[in-house]
Amino acid sequence: MGRPSKYTQEFRRDAVDLVRSSGRPINEVARELGMSHETLRNWVRKREHQTSGSVPVAAGGGLSVADKDAEIARLRRQVAELQVEKEILRKAAAYFAKEMDR
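(A) Main features of the packing of aromatic side chains. Counted under the stated rule, the structure contains four aromatic pairs. The interplanar angle of 80° and the centroid separation of 5.2 Å between the aromatic rings of Tyr7 and Trp43 together place this pair among those described as edge-to-face. Note that Tyr7 is positioned in the segment before α1 (9–22) and Trp43 in helix α3 (residues 37–50), a separation of 36 residues in sequence. A single burial state applies to Tyr7 and to Trp43, both of which are buried.

What follows is the structure in structure tokens.
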């Protein structure tokens, strides 16, 4: 029995979607996500194998309108959460920079 993966299925799906939709090299995306490029490459290959013969990503990836709307809503929630986190980190950095000057 193998060890459990440290990556969730949602993370894997999002990482592969990022590679496919951004047009950036797998190495660059993997570095940005802090993971092995070979792991990400394997996930992309697996997805391509599973979806071979399906509608190209540029044409919508075969998603229904409801699926696209759900994905957009999920991404908007994620963006809002990341913006809040960024603001918190910005304030913390300013605070600690000010403390270092004392």
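Here the narrative resumes, following the displayed structure.
(B) Expanded view of the environment of Arg47. Structurally, the position occupied by Arg47 is in helix α3. Dropping the residues within four chain positions of it, Arg47 is found in contact with Arg13, Val16, Asp17 and Arg20. At 2.9 Å, the side chain of Arg47 and the side chain of Asp17 are in polar contact.

(C) A look at the nonpolar core. In this structure, Tyr7, Ala15, Val16, Val19, Ile26, Val29, Ala30, Met35, Leu40, Trp43 and Val44 together form the largest nonpolar core, which totals eleven residues. Every element with two or more residues in this core is listed here: α1, α2 (26–33) and α3. Setting aside its immediate chain neighbours within four residues, Val44 contacts Val16, Val19 and Ile26.

Calculation notes
Residues numbered from 1 in each chain as written. Predicted model: local features only at pLDDT ≥ 70, side-chain atom pairs only at ≥ 80, totals over all residues. Heavy atoms only, no water. Phe/Tyr/Trp six-rings, centres within 6.5 Å; stacked < 30°, edge-to-face > 60°. Helix = DSSP H or I, 4+ residues; strand = E, 2+ residues; numbered from the N terminus. Buried < 20%, exposed > 50% of the residue type's maximum accessible area, 1.4 Å probe, protein only. Contact = heavy atoms within 4.5 Å. Polar contact = N/O pair within 3.5 Å; in protein donor to acceptor, adjacent residues only side chain to side chain. Core = buried A, V, L, I, M, F, W, Y, C linked by side-chain atoms within 4.5 Å.

Note that all results are geometric; they support no functional claim without further evidence.
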